[in-house]
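If you want the building blocks of each chain, they are given just below.
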Amino acid sequence: MDILSIIGVLVGFSAIIGGNLMAGGELDSLVNFHAFVIVVGGTLGATLLQFPPKVFLRGLQISVWIIVPEKLQMSKQIDKIVHWSSMARKEGLLGLETVIDNEKDSFAKKGLQLLVDGNEPEVIRDTLEVELATKEHLDMQAAKVFDAMGGYSPTIGIMGAVIGLIHVMQNLAKPELLGSGIATAFVATIYGVGLANLLFIPIANKLKAHIFRASQAREMIIEGISSIAEGENPRNIELKLSGFLLEK
């Protein structure tokens with residue numbers, strides 16, 4: 001679990017709410033259902049218009065990585081690749097057939113199958129790189145869903161503010177209605193800017209960082225399996241792949 005994500009959300013919203021209370025404001029002053037509907041509904045509608053269903057749904061699917069990131073375990077993966085290399089040198093490539101059935105990572109499993117089938121290193125590398133590029137592109141597009149929401153919500157917040165001011169101008173002769181219109185105007189702006197900078201944009205950037213690291217993990221698998229196909233020494237493979245580790 002990514003504790004920093006949880007702490008970040010709590011600290012960010014607590015700072016806004018706490019600062020308001022310290023300045024003498026009340027919690028109720030930041031709660032406005034009309035402003036919430038305008039900002040969240042407008043932002044969601046614009047985002048749905050921008051992205052195809054597949055990308056939007058993928059964005060929702062990978063958003064869980066903010067709290068529970070995908071387990072990459074690159075060090076263990078290096079150990080597995082080195083073990084595969086040793087097996088290949090002792091038993092031949094066909095000796096890896098038993099490994100394929102036990103491998104849970106579909107990307108590594110595909111690479112092993114290409115290896116056992118006797119494909120050339122260039123063919124293995126090209127095939128896996130196509131899949132890597134396709135997956136990375138889809139996930140990056142999915143992360144941009146939150147980028148888009150971060151771009152739309154402040155603008156929709158301004159629209160909510162204008163709507164609130166229009167309501168005020170239409171009811172100048174009714175003082176009892178002015179307060180709700182002004183509240184909608186200012187709170188809508190807070191919602192738009194706050195959601196963009198406290199949630200949507202940070203989520204997008206964190207997802208992009210995770211996607212980049214996941215792509216590195218798959219590039220490591222490509223390099224390792226290609227090296228096995230080229231007949232490199234297991235020790236040399238281990239030294240080469242250790243360069244992919246973020247922490248030495």
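Scroll up a little and you will see the structure.
Please read all numbers here as calculations on a predicted model, not as lab measurements.

Okay, the overall build of the chain next. Looking only at helices and strands, one finds nine helices and zero strands in the chain. When its helices and strands are written in sequence order, the chain yields α-α-α-α-α-α-α-α-α. Its C-alpha atoms give the chain a radius of gyration of 26 Å, more than 25% over the compact-globule value 18 Å for 248 residues. Dimensions of the chain along its principal axes, counting C-alpha atoms only, are 90 × 35 × 25 Å. Taken across its 248 residues, the chain has 38% of its residues classed as buried. Pairs at least 24 residues apart make up 74% of the contacts formed inside the chain by residues separated by at least 6 positions. Working note: accessible area of the chain is about 14000 Å², and carbon and sulfur atoms make up 64% of it. Here the chain holds 21 positive side-chain charges and 26 negative ones, and the gap between their average locations is 2 Å.

Quick look at the packing of aromatic side chains now. Under the defined criterion, the tally for this structure stands at one aromatic pair. Taken together, a centroid distance of 6.3 Å and an interplanar angle of 85° make the contact between Phe36 and Tyr191 edge-to-face. Taken together, the residues Phe36 in helix H2 (residues 33-50) and Tyr191 in helix H8 (residues 175-229) connect sequence positions 155 residues apart.

Attention now goes to the packing of helix H6 (residues 106-116) against helix H7 (residues 121-170). Helix packing for two helices is described by the angle between their axes and how far apart those axes are. For the pair H6 and H7, interaxial distance at closest approach is 10 Å and the crossing angle is 160°. Relative to H7, H6 is oriented roughly antiparallel. For the element pair H6 and H7, the recorded crossing hand is right-handed. Taking contact as the criterion, the partners of Phe107, Lys110, Gly111, Leu114 and Leu115 in H6 are, on H7, Ile124, Thr127, Leu128, Glu131 and Leu132. Residues of the contact of H6 with H7, tallied by class, amount to six nonpolar, two polar and two charged.

Looking now at empty space enclosed by the protein. The final tally for this structure, using the stated rule, is one cavity of 30 Å³ or more. In this model, the largest cavity occupies a volume close to 40 Å³. For the largest cavity, the full set of lining residues is Trp65, Leu132, Lys135, Glu136, Asp139, Ile211, Ala214, Ser215 and Arg218. Of all elements in the fold, only H7 and H8 reach the threshold of two or more residues within the lining of the largest cavity. Of the residues that constitute the lining of the largest cavity, the class distribution is four nonpolar, one polar and four charged.

Turning next to the layout of surface pockets. Size it by volume and the largest pocket reaches roughly 420 Å³. As for the largest pocket, its lining consists of 21 residues, and the residues nearest its centre are Lys71, Leu72, Gln77, Glu103 and Asp105. Residue assignment for the lining of the largest pocket shows that the elements contributing at least two residues are helix H4 (74-91), H6, H7 and H8. With five residues, H8 is the largest single contributor of residues to the lining of the largest pocket.

Before going further, it helps to examine helix H3 (residues 53-62). The set of residues buried in H3 consists of Val55, Phe56, Arg58, Gly59 and Ile62. One side of H3 holds all its buried residues, which, seen down the axis, span an arc of 160°. Exposed residues on H3 whose side chains face more than 90 degrees from its buried face are Pro53, Lys54, Leu57 and Gln61.

The next thing to look at is H2. Across its 18 residues, H2 extends 26 Å between first and last C-alpha, which sits within 8% of the 26 Å expected from 1.5 Å per residue. Among all positions in H2, only Ala35, Val39, Thr43 and Thr47 are buried. In an axial view of H2, the angular spread of the buried residues amounts to 70°, which keeps them on one side of the axis. Pointing more than 90 degrees away from the buried face of H2 are the exposed residues Phe33, His34 and Leu49. Two or three places before His34, at the opening of H2, Asn32 has a side-chain oxygen 3.1 Å from that residue's backbone nitrogen.

Cut-off values and rules
- Residues numbered from 1 in each chain as written.
- Predicted model: local features only at pLDDT ≥ 70, side-chain atom pairs only at ≥ 80, totals over all residues.
- Heavy atoms only, no water.
- Helix = DSSP H or I, 4+ residues; strand = E, 2+ residues; numbered from the N terminus.
- Rg over C-alpha atoms; globule rule 2.2 N^0.38 Å.
- Buried < 20%, exposed > 50% of the residue type's maximum accessible area, 1.4 Å probe, protein only.
- Contact = heavy atoms within 4.5 Å.
- Areas by Shrake-Rupley, 256 points an atom, 1.4 Å probe, with all protein chains shown as cover.
- Lys, Arg positive; Asp, Glu negative; His and termini not counted.
- Charge placed at Lys NZ, Arg CZ, Asp CG, Glu CD.
- Phe/Tyr/Trp six-rings, centres within 6.5 Å; stacked < 30°, edge-to-face > 60°.
- Axes fitted to C-alpha atoms, helices over the stretch in contact; angles between N-to-C directions.
- Parallel < 35°, antiparallel > 145°, perpendicular 65-115°, else oblique.
- Left-handed = near helix turned anticlockwise from the far one by under 90°.
- Nonpolar A, V, L, I, M, F, W, Y, C, P; charged D, E, K, R; others polar.
- 1 Å grid on protein atoms, 1.4 Å probe; cavity = no way out; pocket = protein on both sides within 12 Å on 5 of 7 lines; lining within 4 Å.
- Points joined across faces, edges and corners; volume = space filled by probe spheres on them.
- Arc of directions from axis to C-beta.
- Expected span 1.5 Å × (residues − 1).
- Polar contact = N/O pair within 3.5 Å; in protein donor to acceptor, adjacent residues only side chain to side chain.

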